[in-house]
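Overview (structure and organization)
Chain residues, written in single-letter form:
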Amino acid sequence: MPHTLSVNAEPCPDKAQALAQRLNLPLNEESNAQNDFALGWWPDPKALSETQTFKLALFPPTSGPVYVDFVGGKKNHRRQFGGGKGQPLAKAVAIQDRPRILDATAGMGGDAFVFASLGCDVTLVERSPIVAALLADALERGQQPDVPEDIRQIVERMSLVCADAADYLRAERPNVDVIYLDPMYPEKKKAAAKKDMQALQALVGPDLDSEALLAAALHTAEKRVVVKRPKGAPALKGPEPNATVQSPNTRYDIYSIKALNRPS
Ligand SMILES: C[S@@+](CC[C@H](N)C(=O)[O-])C[C@H]1O[C@@H](n2cnc3c(N)ncnc32)[C@H](O)[C@@H]1O
């Protein structure tokens, strides 16, 4: 976990003050000179339009800004060239049925964006208020009038809840077909994890309560629960998965609700 996290006042002092207050974080009046984590608005020099320029970003001490972007960059590239409905992630959630999906570990929103771009309504649940703030900022930017219509429609299929997903599922019992879990893997060697995931690992640490989340998901999903695991890692503790979908570095464990004989 970072020792300190603060919000940079410049270049968006009013928004920064509101965010610092909401997240109960100190505000840096000077630009961040400390060797620690900061949140702030990053003026993206490659932004596609004016409304996309200032992105809420996390500035880790040892790498460039980490932010969520649904309009340009990697997520949009994956939408166009990532294999569509044939990609392992899509197969694992049975995307051809257009399930209503709850992504219980939303993180940087990459997997949720794939589901939404393939036509599904997706509820993103994220318990870190900082990660949720990055997602909320990207969702807001993705709905601006100058965003291409196709991307805007995808973003409109995504809604965000900032909560612990196990608590949320138990309290709200949302009507969803598929619940998707991608808990934080145990820390990888620095070179192996991508920059965004390294920052997330440093910020939120490992997810040590994934078994409880799986149990809550199995009680709630109408059709299936899908858990993303690193290739070769054991399944989460609980019932055995009924099926798996493999990809080069990842395995998706599928728990069919019908096969569990869950009392309704
Ligand atoms: C590995 S990341 C998910 C990455 C995501 N699939 C993506 O494509 O960007 C795991 C995220 O799940 C969140 N998380 C873990 N357990 C959670 C829970 N019980 N409720 C809500 N969020 C949770 C963590 O805070 C972290 O941001």
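As the structure is a prediction and not an experimental result, all values here were calculated from the model.

**Looking at the nonpolar core**
Residues Leu39, Leu58, Phe70 and Phe115 are the most contacted members of the largest nonpolar core, which totals 56 residues. Top contributing element to this core by residue count: helix H5 (residues 129-141), with seven residues. Shared between two domains, this core holds at least three residues of each, these being domain 1 (5-59) and domain 2 (73-260). Once you skip the residues sitting within four places of it in the chain, Leu39 turns out to touch Leu5, Ser6, Val7, Asn8, Leu19, Leu23, Leu25, Ala57, Leu58, Phe59, Ile130 and Leu134. By size, the runner-up hydrophobic cluster in this structure holds 22 residues, among which are Ala165, Leu169, Leu214 and Leu218.

**A look at the site of the ligand**
Inspection of the region around the ligand gives 21 residues, with Met108, Asp111, Glu126, Ala165 and Asp182 positioned closest. With respect to the ligand, the backbone of Ala104 contributes an N or O atom lying 3.5 Å from a nitrogen atom. Here Asp111 contributes a side-chain N or O atom positioned 2.9 Å from a nitrogen atom of the ligand. When residues of the shell around the ligand are traced back to their parent elements, those giving at least two are helix H4 (110-117), strand S6 (122-126) and helix H8 (195-204). No other element matches H8, which puts three residues into the shell around the ligand. For the shell around the ligand, the class distribution of residues is 11 nonpolar, four polar and six charged.

**Focus: the domain arrangement of the protein chain**
Once the domains are mapped, the protein chain shows domain 1 (5-59) and domain 2 (73-260). Between the C-alpha centres of domain 1 and domain 2 the distance comes to 26 Å. Taken together, the contact between domain 1 and domain 2 spans 16 residues of the former and 12 residues of the latter. Approximately 1100 Å² of surface area, both sides summed, lies buried where domain 1 meets domain 2, with 70% of it carried by carbon and sulfur atoms. The tally of links from domain 1 across to domain 2 stands at zero salt bridges. Of all elements in the fold, only helix H1 (13-23), strand S3 (37-43) and strand S4 (54-59) reach the threshold of two or more residues within the side of domain 1 that touches domain 2. Per-element accounting of the side of domain 1 that touches domain 2 gives the leading share, five residues, to S4. Split by residue class, the side of domain 1 that touches domain 2 holds 10 nonpolar, three polar and three charged.

**Quick word on the pattern of salt bridges**
Following the criterion strictly, the structure yields 13 salt bridges and no others. For Lys55, the salt bridge is made with Asp44, and the minimal N-O distance between the two is 2.8 Å. Of the two residues, Lys55 sits in strand S4 while Asp44 sits in the loop between S3 and S4, which places them 11 residues apart along the sequence. Grouping residues by exposure puts Lys55 and Asp44 together as buried. Across the pair Arg100 and Asp177 runs a salt bridge, and its minimum N-O distance is 2.9 Å. Of this pair, Arg100 sits in the loop between helix H3 (88-92) and strand S5 (101-103) while Asp177 sits in the loop between helix H7 (165-172) and strand S8 (178-181), and the two are 77 residues apart along the sequence. Owing to a relative accessible area of 8%, Asp177 belongs among the buried residues under this scheme. Each of the salt bridges in this network shares a partner with another, and the network as a whole consists of Arg127, Asp164, Asp207 and Asp209.

What counts and how
- Residues numbered from 1 in each chain as written.
- Predicted model: local features only at pLDDT ≥ 70, side-chain atom pairs only at ≥ 80, totals over all residues.
- Heavy atoms only, no water.
- Core = buried A, V, L, I, M, F, W, Y, C linked by side-chain atoms within 4.5 Å.
- Buried < 20%, exposed > 50% of the residue type's maximum accessible area, 1.4 Å probe, protein only.
- Helix = DSSP H or I, 4+ residues; strand = E, 2+ residues; numbered from the N terminus.
- Domains from an automatic or database assignment.
- Contact = heavy atoms within 4.5 Å.
- Near = heavy atom within 4 Å.
- Polar contact = N/O pair within 3.5 Å; in protein donor to acceptor, adjacent residues only side chain to side chain.
- Nonpolar A, V, L, I, M, F, W, Y, C, P; charged D, E, K, R; others polar.
- Buried area = accessible area lost by both parts, 1.4 Å probe.
- Salt bridge = Lys/Arg side-chain N within 4 Å of Asp/Glu carboxyl O.

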